[in-house]
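# A structural walkthrough
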Amino acid sequence: MNTILLKTAKYVSVGRVTLNNQLVYITDFLVRSIFLVIILYIFIQLWSTTFDGEGLPQIAGYSFEQIIWYLIFAESITMACPSMSAKIEEEVKSGDVAYKLIRPVSYIGFHFVSYLGEVAFRLMINLLIGGILGFLVLGWPEFGLGWLGFLIVAIGALSINFIMNMMVALCSFWVEETRGLEFVYHKFLFTIGGMLMPLEVFPVWLQQICSWLPFQAILYFPAKTAVKFDGGMMLTMLGIQLIWIMVLGGCLMMMFRKGVNKLNVNGG
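Here we summarise the structure given alongside this text. (Residues numbered from 1 in each chain as written. Predicted model: local features only at pLDDT ≥ 70, side-chain atom pairs only at ≥ 80, totals over all residues. Heavy atoms only, no water.)

### What to know about the overall build of the chain
The cut-off we apply is this: Each helix corresponds to a stretch of at least 4 residues labelled H or I by DSSP, and each strand to a stretch of at least 2 residues labelled E; elements are numbered beginning at the N terminus. Each residue is placed in one exposure class: buried if its accessible area under a 1.4 Å probe, protein chains only, is under 20% of its type's maximum, exposed if it is over 50%, and partly exposed if it falls in between. Contact between two residues is taken to exist if any of their heavy atoms lie within 4.5 Å; hydrogens are not considered. To measure how exposed things are, a 1.4 Å probe is used in the Shrake-Rupley method; for residues, cover is taken only from the protein chains shown.
Check the secondary structure of the chain and you find 11 helices and 2 strands. If you list the helices and strands of the chain from N to C, you get α-α-β-β-α-α-α-α-α-α-α-α-α. Across the 268 residues in the chain, those meeting the buried criterion constitute 47%. Within the chain, contacts between residues at least 6 apart in sequence are counted, and of these 79% link residues at least 24 apart. Accessible surface, the chain as shown: approximately 13,900 Å² in total, 70% of it carbon and sulfur.

Spelled out as C-alpha cells, the structure:
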C-alpha cells in the first residue's frame, strides 16, 4: 500500500508542477485565447451564411445554435492539447531521454500526467472563453446533462489523443523529424475527427469509414455529447473509447519497448 501511495504521489507532483508552469506563461495564454476567439468568430460567420443560404432550421439534425456550441467544444479540446512531438524530439536530440528513462517513474506515465496537467488548465480556460462568446452570441444554452456528459467523455478523448500523439512522437526514436507526421495526424482530426463539422454532415459512405477509425473518439464524441446528450449513446461512445484505449495503448507500449531497445543498441 505504501509503495502505491508513493508512486501516486510522484505522478501527482508531476501534474502539479506542470499546472504551475502553465500559470507562469501568461503571454502564451493570452495569444491562445485571442486566436480561439478569432477562429470561433470565423466559424460563426461561415455557418450563419450556410444556414441563411440553405433556409433550413436544421442541417444534418443540428440547429445553428447546436453547430456553434459543438464547434466551441471541439475547438476548445483541439487548442488545449500540446504538441508531444516537439517535447520528445528535443529529449532525443539533446540526449535527455537517456536520463528520463532511468528515473524511478514510468517514461510514458510521466508524460501522460504532464500532458493532463497542461490540458486541464488549457481546456478550462478555452471553455470559459468559448462559453462567454457563445453566451453573448447565442444566449444561455440548454444542454441539460450535456455538460457532465462532456466531461466524462472528454477523459477518454484526451487519453486516446495522448496515446496517438505519443505514438507519433516516439517515431523520433527512428527518424529525426516527426513534425510532418504530427501535421498529418492533426489534419485527420480536423476533418474526419469532426473538428470542422459534425460527422453527420459528411456523406453516408464517409461516415461509415469514420466510424471504424479512432479519430471520431477524440473530438466528435465529446462535442456531440455536450450539445445532443443521450445517455445510451454516451455509454456506446465510452465503450468505443475504452476499446481504442486498450488497442492503441498496447501498440504504444510495444512501440516504446522497441524504441528503447534501439536507443540501447545505438547509444549504449
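### Some thoughts on the pattern of salt bridges
Just so we agree on the cut-off: Think of a salt bridge as a Lys or Arg side-chain nitrogen and an Asp or Glu carboxyl oxygen that are within 4 Å of each other.
Scanning the model with the defined rule gives 4 salt bridges in all. A salt bridge links Glu-89 to Arg-179; the nearest nitrogen and oxygen atoms lie 3.7 Å apart. Here Glu-89 is found in helix H4 (residues 84–94), whereas its partner Arg-179 is found in helix H8 (residues 179–190), with 90 residues between them in sequence. In this structure Glu-89 comes out as buried when scored by relative accessible area, which is 3%. With its nearest N and O atoms 2.8 Å apart, the salt bridge here joins Glu-200 to Lys-224. Here Glu-200, found in the loop between H8 and helix H9 (204–210), pairs with Lys-224, found in helix H10 (residues 220–227); they are 24 residues apart in sequence, far enough to count as distant. Here Glu-200 and Lys-224 have matching classes, each one buried.

### Overview of the side chain of Ser-172
Applied cut-off: N or O atoms closer than or at 3.5 Å make up a polar contact, with two conditions inside protein: a donor-capable atom paired with an acceptor-capable one, and, for residues adjacent in sequence, both atoms drawn from side chains.
Turning to its location among the elements, Ser-172 is positioned in the loop between helix H7 (146–170) and H8. A polar atom in the side chain of Ser-172 sits 2.7 Å from the backbone oxygen of Ala-169. In contact with Ser-172, not counting residues within four places along its chain, are Ile-88, Glu-89, Val-92 and Thr-178.

### Some points on the packing of helix H3 (residues 64–80) against H10
Helix packing for two helices is described by the angle between their axes and how far apart those axes are. Spelled out, the test is: Lines fitted to C-alpha atoms define the axes here, with helix axes fitted over just the stretch in contact, and angles between the N-to-C directions of these axes take values from 0 to 180 degrees. If an angle is under 35 degrees, it is roughly parallel; if it is over 145, roughly antiparallel; if it lies from 65 to 115, roughly perpendicular; otherwise it is oblique. Each helix crossing is assigned a hand: it is left-handed if the near helix lies turned anticlockwise from the far helix by less than a right angle, otherwise right-handed if that turn is clockwise.
With their axes 9 Å apart at the nearest point, H3 and H10 run at an angle of 140° to one another. Classified by the angle between their axes, H3 and H10 sit oblique to one another. Relative to H10, H3 is oriented so that their crossing is right-handed. Across the interface between the two elements, Gln-66, Trp-69, Tyr-70, Phe-73, Ala-74 and Ile-77 from H3 touch Tyr-220, Pro-222, Ala-223, Lys-224, Ala-226 and Val-227 from H10.

### As for the packing of H4 against helix H6 (residues 107–138)
Counted only if it meets this: Just so you know the grouping, Ala, Val, Leu, Ile, Met, Phe, Trp, Tyr, Cys and Pro go in nonpolar, Asp, Glu, Lys and Arg go in charged, and all remaining residues, Gly too, go in polar.
It is the contact of H4 with H6, at a shortest axis distance of 12 Å, that shows an interaxial angle of 140°. Looking at the two axes, H4 sits oblique to H6. For the pair H4 and H6, the crossing hand works out as right-handed. Two secondary-structure elements touch here, H4 through Met-84, Lys-87, Ile-88 and Glu-91 and H6 through Tyr-107, His-111, Ser-114, Tyr-115 and Glu-118. Among the residues forming the contact of H4 with H6, the class breakdown is 4 nonpolar, 2 polar and 3 charged.

### Some points on the packing of aromatic side chains
Each aromatic ring pair is characterised by the separation of its centres together with the angle its planes make. The condition that has to hold: Here the aromatic set is Phe, Tyr and Trp, taking the six-membered ring for Trp, and pairing holds for ring centres within 6.5 Å; pairs whose planes are under 30 degrees apart are stacked, those over 60 apart are edge-to-face, and all others are tilted.
What the rule picks out here adds up to 16 aromatic pairs. Ring geometry for Tyr-185 against Phe-215: centres 6.1 Å apart, planes inclined by 45°, an arrangement best described as tilted. Note that Tyr-185 is positioned in helix H8 and Phe-215 in the loop between H9 and H10, a separation of 30 residues in sequence. Its relative accessible area of 10% is what places Phe-215 among the buried residues. Between Phe-188 and Phe-215 the ring centres are 5.2 Å apart and the planes differ by 25°, which places this aromatic pair in the stacked class.

### Concerning H3
The following threshold applies: By definition here, a helix of n residues has an expected span of 1.5 Å times n minus one.
Compared with the 24 Å implied by 1.5 Å per residue over 17 residues, the 24 Å span of H3 between its first and last C-alpha is a close match. Of all 17 residues in H3, 15 are buried; the element is thus mostly enclosed.

### Remarks on a nonpolar patch on the surface
Going by this rule: A patch is a set of surface residues, each over 30% in relative accessible area and not in a salt bridge, joined within 9 Å for like charges and within 5 Å for the nonpolar side chains Val, Leu, Ile, Met, Phe, Trp and Tyr.
A cluster of nonpolar side chains, contributed by Leu-128, Ile-132, Phe-135, Leu-136, Val-137 and Trp-140, occupies part of the molecular surface with about 690 Å² of accessible area. Inspection of the secondary structure puts Leu-128 in helix H6.

### Regarding H6
An α-helix turns once every 3.6 residues. As a result, residues three or four positions apart point the same way. The terminal C-alpha atoms of H6, which comprises 32 residues, lie 44 Å apart, in line with the 46 Å expected from a rise of 1.5 Å per residue. The N-cap of H6, judged by a side-chain oxygen 3.4 Å from the amide nitrogen of Ile-108 a few residues on, is Ser-106. Following H6 by one or two positions, Gly-139 adopts a phi angle in the positive range, close to 90°.

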